[in-house]
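# Remarks on the overall topology
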Amino acid sequence: MSQVRTVSSGTGSVRRSMGHLSDRTTTFTCAVLMMAAVLVVGLNLLPSDHALHVGDATVSLLGKYCCYMLLALAVDLIWGYLGILSLGHGAFFALGGYAMGLYLNAQGANVDGWQAWLGHFPLAMLAVVLAPGLLALVFGWLAFRSRVTGVYFSIITQAMTFALMLAFNRNEMGVGGSTGLTRFRELLGMPLNSHAMTVALFVASLMAVLLAFVVCRMITTSRLGRVCIATRDAEARTRFLGYRVEHVKLAVFVVSAVMAGIAGALYVPQVGIINPGSFAPLFSIEVVVWVALGGRATLFGALIGALVVNWLKTVLTTEMPDAWLFILGGLFVVVTMALPQGIAGLAASLRRNRGGSAHE
Amino acid sequence: MSETLNRLRDMARPDRVFDFMVPDVSPVDVRHGPILYMEDVTVSFDGFRAIDRLNLTIDDGELRCIIGPNGAGKTTMMDIITGKTRPDSGQVWFGSRHNLLRLAEPEVASLGIGRKFQKPTVFEALTVFENLELAMAGDRRVWTTFMARLDHEGRARLDEVLETIGLEAERDRWAGVLSHGQKQWLEIGMLLMQRPRLLLIDEPVAGMTEQEMHRTADLLNRLAGQQSVVVVEHDMGFVRSIARHVTVLHQGSVLAEGSMDAVAADPRVREVYLGAEEERHA
Ligand SMILES: Nc1ncnc2c1ncn2[C@@H]1O[C@H](COP(=O)(O)OP(=O)(O)OP(=O)(O)O)[C@@H](O)[C@H]1O
Ligand SMILES: [Mg+2]
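Here we summarise the structure given alongside this text. No experiment lies behind these values; they were computed from the predicted model shown.

Let us look at the overall build of chain A. Regarding its fold elements, chain A presents 14 helices and four strands. Its C-alpha radius of gyration of 21 Å places chain A within 12% of the 21 Å reference for a compact globule of 360 residues. The C-alpha extent of chain A, read off along each of the three principal axes, is 65 × 55 × 40 Å. Evaluated residue by residue, chain A yields a buried proportion of 52% over its 360 residues. A fraction of 79% describes how many contacts in chain A between residues 6 or more apart in sequence connect residues 24 or more apart. Entry remark: accessible area of chain A is about 15600 Å², with carbon and sulfur atoms responsible for 69%. Within chain A, the 14 negative side-chain charges are centred at a point lying 15 Å from the centre of the 23 positive side-chain charges.

Structure below.
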């Protein structure tokens with residue numbers, strides 16, 4: 001199972017075959033996600049006085065977590081496998097969110113001009129994909145072409161999301177200024193606050209996570225995935241072998257940005273608001289922390305990290321709202337020192353110790 | 001005129017560097033002579049002649065050792081062959097058809113000249129098998145790489161190279177856990193995946209154990225014949241164990257050439273190189 005593709009120790013772990021390995025991890029994760037969907041929807045159907053009943057509020061919360069998981073997957077894809085530390089993925093998330101917000105805004109309300117176009121569902125979905133995708137394409141093209149790497153890349157991604165935050169704060173942008181977009185009523189003709197819509201959005205978000213996971217696995221277990229790892233660990237050598245490292249980076253970066261955009265688009269109808277705060281540089285950094293905590297370059301580590309941290313955040317911010325950032329920071333420090341491979345790495349080493357078998 | 005401009009623009013494109021795996025249409029022509037021919041090559045760095053009227057020919061399928069004291073110009077000679085350094089004068093031909101001085105580094109590589117640098121760099125987080133797979137010649141575009149599946153021919157080639165470098169048993173181990181010597185062989189294997197005609201290998205046994213050195217000698221001996229191999233090496237014992245033909249370089253030009261024994265008996269060689277070497281080892 002452990003897909004931690006960094007050399008873990010001198011024990012010489014043996015990987016027997018590529019094929020089985022990829023199938024097992026993907027099947028297992030998909031099964032878990034499916035079961036989670038069935039379980040939550042099933043428990044939601046129980047009578048509301050039943051002890052195991054899961055209320056709409058919880059379903060909605062879980063749907064929100066799914067969006068975060070999807071965002072974390074996007075970050076792990078490029079950070080874990082390509083070594084590109086993007087501290088601006090919140091921007092792609094927010095752009096997808098704004099595209100969805102504009103669509104919701106155009107329902108019933110009389111907006112005009114370009115925003116009216118986004119009132120058509122297919123066009124809005126296109127915008128959800130294109131807005132983050134094109135930004136990533138242009139930004140990535142400029143950055144990778146001039147061989148901006150490492151911490152410099154991280155810094156300019158922070159600058160990018162900060163600049164977008166300032167831009168979206170302005171009223172002239174016509175997207176709600178600092179208040180953003182809110183008071184959405186319906187999606188595809190169904191009221192947003194209805195029970196059916198809550199469940200539908202949760203299921204859609206979970207399926208999006210599942211689909212994205214499969215796509216990420218397809219990429220990372222392909223030869224392209226091996227080129228990514230090669231690029232991460234020895235870029236010049238990979239280039240010397242004849243691979244167009246810049247093209248690889250750009251392609252994966254765009255795929256990752258689109259995934260983040262879809263996460264944002266699913267997030268907005270579930271929380272009912274999108275504002276420039278989503279572009280906040282700090283949010284992008286938080287996402288990286290989720291992935292680091294869960295375990296880099298494992299994909300499922302990103303899922304676990306996003307879920308655990310956000311669940312903790314929900315619990316702790318109601319208990320002690322001021323302490324959250326300190327707790328998150330502390331957690332990050334402890335985990336990077338004690339568990340450099342994150343939760344997924346811990347799980348893998350526990351399995352190894354117990355089973356004694358080195359094959360994954 | 002506009003064609004020249006286009007060519008120039010193409011060369012200026014930052015992504016062009018990566019094109020060198022594309023197989024060259026015109027094969028190397030060795031019907032009328034050697035695979036590598038260097039004549040009167042001279043290079044100066046700030047007035048200092050690192051290579052001074054060097055003449056060297058390598059025959060097809062030959063295994064040649066180049067020895068010489070530090071600073072003799074061995075690495076510089078390889079830089080010239082691979083297009084990394086341009087000589088001030090002289091000629092360098094690959095077969096009788098390709099003038100290497102007109103070609104850029106990637107083009108030289110695509111003609112089938114593989115070079116192993118001194119420090120081994122393999123992809124540590126990939127297995128031995130995957131390292132070789134990435135080095136396999138083929139289409140390197142993003143989408144084709146994503147869709148790529150190993151076909152029969154590729155698999156056969158991989159197994160063949162694995163056997164040649166003697167790493168069959170390590171096939172599915174991470175390259176990061178290999179010994180220093182095994183990493184060197186893996187890197188030679190990665191060069192072989194591209195089916196080179198001429199291999200340039202700089203100091204392959206530096207840092208190897210005695211046993212690893214023996215295996216490396218075996219490997220290089222097996223490689224010769226199928227491709228030409230030029231080895232630069234300091235270790236005299238090693239050179240003695242592989243070389244049929246040795247060239248001694250000194251101050252940028254050839255001091256002596258011949259069998260190891262003949263060269264070792266040459267008083268000039270003893271003076272500038274072997275003597276010093278033996279003193280150092282004594
Ligand atoms: N780019 C350069 N600029 C200036 N001088 C150089 C350059 N490259 C090599 N030299 C000089 O040319 C001479 C030959 O160097 P070279 O590296 O070819 O020697 P070598 O035979 O490979 O030595 P070694 O056995 O130490 O590897 C040395 O004196 C070196 O300092
Ligand atoms: Mg040298």
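On to the pattern of salt bridges. Side chains carrying opposite charge are able to pair once their charged atoms draw close together. Residue and element names in this part refer to chain B. Using the criterion set out here, one finds 25 salt bridges over all chains in the structure. For Asp 40, the salt bridge is made with Arg 53, and the minimal N-O distance between the two is 3.4 Å. Residue Asp 40 is found in strand E1 (residues 36-45), and its partner Arg 53 is found in strand E2 (residues 48-58); the two are separated by 13 residues along the sequence. A residue is classified by how much of its surface remains accessible, and Asp 40, at 26% relative accessible area, is partly exposed. A relative accessible area of 52% places Arg 53 in the exposed class.

In this section: the pairing of strand E10 (residues 253-258) of chain B. All names here are of chain B. Here five bridges tie strand E9 (residues 245-250) to E10, and the two strands are oriented antiparallel to one another. Each bridged residue has a counterpart across the sheet, and for Val 246 the counterpart in E10 is Gly 258. What sits between the antiparallel neighbours E9 and E10 is a turn of two residues, in which Gln 251 has the positive phi angle 45°.

Looking now at the packing of helix H2 (residues 56-82) of chain A against helix H8 (residues 223-233) of chain A. Residues and elements named next belong to chain A. Packing of H2 against H8 leaves a shortest axis separation of 7 Å and a crossing angle of 60°. The angle between H2 and H8 falls in the class oblique. Residues Gly 80, Tyr 81 and Leu 82 of H2 pack against Cys 228, Ile 229, Thr 231 and Arg 232 of H8. Here the residues of the contact of H2 with H8 are counted per class, giving four nonpolar, two polar and one charged.

Per the stated rule, a full pass over the model turns up 17 aromatic pairs over all chains. With 6.2 Å between their ring centres and 75° between their planes, Phe 283 of chain A and Trp 290 of chain A make a pair best called edge-to-face. A cation sits over an aromatic face here: Arg 140 of chain B above Tyr 243 of chain A, 4.4 Å from the ring centre.

On to the site of ligand 1, then. All names here are of chain B. Around ligand 1, the structure places Phe 45, Phe 48, Ala 50, Asn 70, Gly 71, Ala 72, Gly 73, Lys 74, Thr 75, Thr 76, Glu 203 and His 234. In the environment of ligand 1, an oxygen atom lies 2.9 Å from a nitrogen or oxygen atom belonging to the backbone of Gly 71. His 234 is positioned with one of its side-chain polar atoms (N or O) 2.8 Å from an oxygen atom of ligand 1. Of all the elements in the fold, those that place two or more residues in the shell around ligand 1 are E2 and helix H2 (74-81). In terms of residues, the shell around ligand 1 owes the most to one element, H2, which gives three residues. Its residues assigned to classes, the shell around ligand 1 comprises four nonpolar, six polar and two charged.

Turning next to the state of the cysteines. Residue and element names in this part refer to chain A. Using the criterion set out here, one finds zero disulfides over all chains in the structure. A disulfide-free cysteine, Cys 30 has its sulfur positioned 11 Å from the sulfur of Cys 216, the nearest such atom. For Cys 228, which is in no disulfide, the shortest distance to another cysteine sulfur is to Cys 216 and amounts to 11 Å.

What follows covers the nonpolar core. In terms of nonpolar packing, the biggest core is built from 163 residues, with Phe 279 and Trp 290 of chain A together with Leu 132, Leu 186 and Ile 242 of chain B touching the most fellow members. Each residue touching Phe 279 of chain A, except ones within four places of it in the same chain, is listed here: Ala 91, Ala 94, Leu 95, Tyr 98, Thr 161, Phe 162, Leu 164, Met 165 and Phe 168 of chain A. Ranked by size, the runner-up nonpolar core spans 28 residues in total, among them Ile 66, Ile 80, Phe 94 and Val 230 of chain B.

Residue and element names in this part refer to chain B. Taken together, four strands build an open sheet; the order of strands is E2-E1-E4-E5 and the sheet is antiparallel. The sheet is open, and its two edges are formed by E2 and strand E5 (98-99), each paired on a single side. Sheet topology note: the E1/E2 ladder contains seven bridges and is antiparallel. Following the sheet pairing, Val 41 is matched in E2 by Leu 54. Here H2 sits on the sheet in contact with E1, E2 and strand E4 (89-94), set at roughly 115° to E1.

The subject of this paragraph is helix H4 (residues 128-135) of chain B. Of all eight residues making up H4 of chain B, eight are buried, and the element is well covered by its neighbours. Those residues of H4 of chain B not exposed but buried are Val 128, Phe 129, Glu 130, Asn 131, Leu 132, Glu 133, Leu 134 and Ala 135 of chain B.

Note on strand geometry: in a regular strand, side chains alternate between the two faces of the sheet. Residues and elements named next belong to chain B. The buried fraction of strand E3 (residues 63-67) is high, at five of five residues. Burial along E3 is two-sided: the residues Leu 63, Cys 65 and Ile 67 and Arg 64 and Ile 66 are all buried. Sheet topology places E3 next to strand E8 (residues 228-232); four bridges connect them, and they run parallel. Bridge assignment links Arg 64 to a residue of E8, and that residue is Val 230. Inspection of the sheet shows E3 paired to E9 by four bridges, in the parallel sense. For Cys 65, the partnering residue across the bridge sits in E9 and is Val 246.

The next thing to look at is the environment of Glu 160 of chain B. Relative to the assigned elements, Glu 160 of chain B resides in helix H6 (residues 152-164). Along the backbone, Glu 160 of chain B and Leu 192 of chain B are 32 residues apart, and their C-alpha atoms lie at a distance of 9.9 Å.

Residue and element names in this part refer to chain A. Taken together, the side chains of Trp 114, Trp 117, Leu 123, Leu 126, Val 129, Leu 130, Leu 134, Leu 137, Val 138, Trp 141, Leu 142 and Ile 262 define a hydrophobic patch exposed on the protein surface, amounting to about 1200 Å² of accessible area. Mapped onto the nonpolar patch, the elements with two or more residues apiece are helix H4 (114-117) and helix H5 (121-145). For the nonpolar patch, the element with the most residues is H5, which contributes nine residues. Residue position: Leu 130 is located in helix H5.

How each quantity is defined
- Residues numbered from 1 in each chain as written.
- Chains lettered and ligands numbered in written order.
- Predicted model: local features only at pLDDT ≥ 70, side-chain atom pairs only at ≥ 80, totals over all residues.
- Heavy atoms only, no water.
- Helix = DSSP H or I, 4+ residues; strand = E, 2+ residues; numbered from the N terminus.
- Rg over C-alpha atoms; globule rule 2.2 N^0.38 Å.
- Buried < 20%, exposed > 50% of the residue type's maximum accessible area, 1.4 Å probe, protein only.
- Contact = heavy atoms within 4.5 Å.
- Areas by Shrake-Rupley, 256 points an atom, 1.4 Å probe, with all protein chains shown as cover.
- Lys, Arg positive; Asp, Glu negative; His and termini not counted.
- Charge placed at Lys NZ, Arg CZ, Asp CG, Glu CD.
- Salt bridge = Lys/Arg side-chain N within 4 Å of Asp/Glu carboxyl O.
- Pairing = 2+ DSSP bridges.
- Axes fitted to C-alpha atoms, helices over the stretch in contact; angles between N-to-C directions.
- Parallel < 35°, antiparallel > 145°, perpendicular 65-115°, else oblique.
- Nonpolar A, V, L, I, M, F, W, Y, C, P; charged D, E, K, R; others polar.
- Phe/Tyr/Trp six-rings, centres within 6.5 Å; stacked < 30°, edge-to-face > 60°.
- Lys NZ or Arg CZ within 6 Å of the ring centre and 35° of its normal.
- Near = heavy atom within 4 Å.
- Polar contact = N/O pair within 3.5 Å; in protein donor to acceptor, adjacent residues only side chain to side chain.
- Disulfide = S-S within 2.5 Å.
- Core = buried A, V, L, I, M, F, W, Y, C linked by side-chain atoms within 4.5 Å.
- Patch = residues over 30% accessible without salt bridge, like charges linked within 9 Å, V, L, I, M, F, W, Y side chains within 5 Å.

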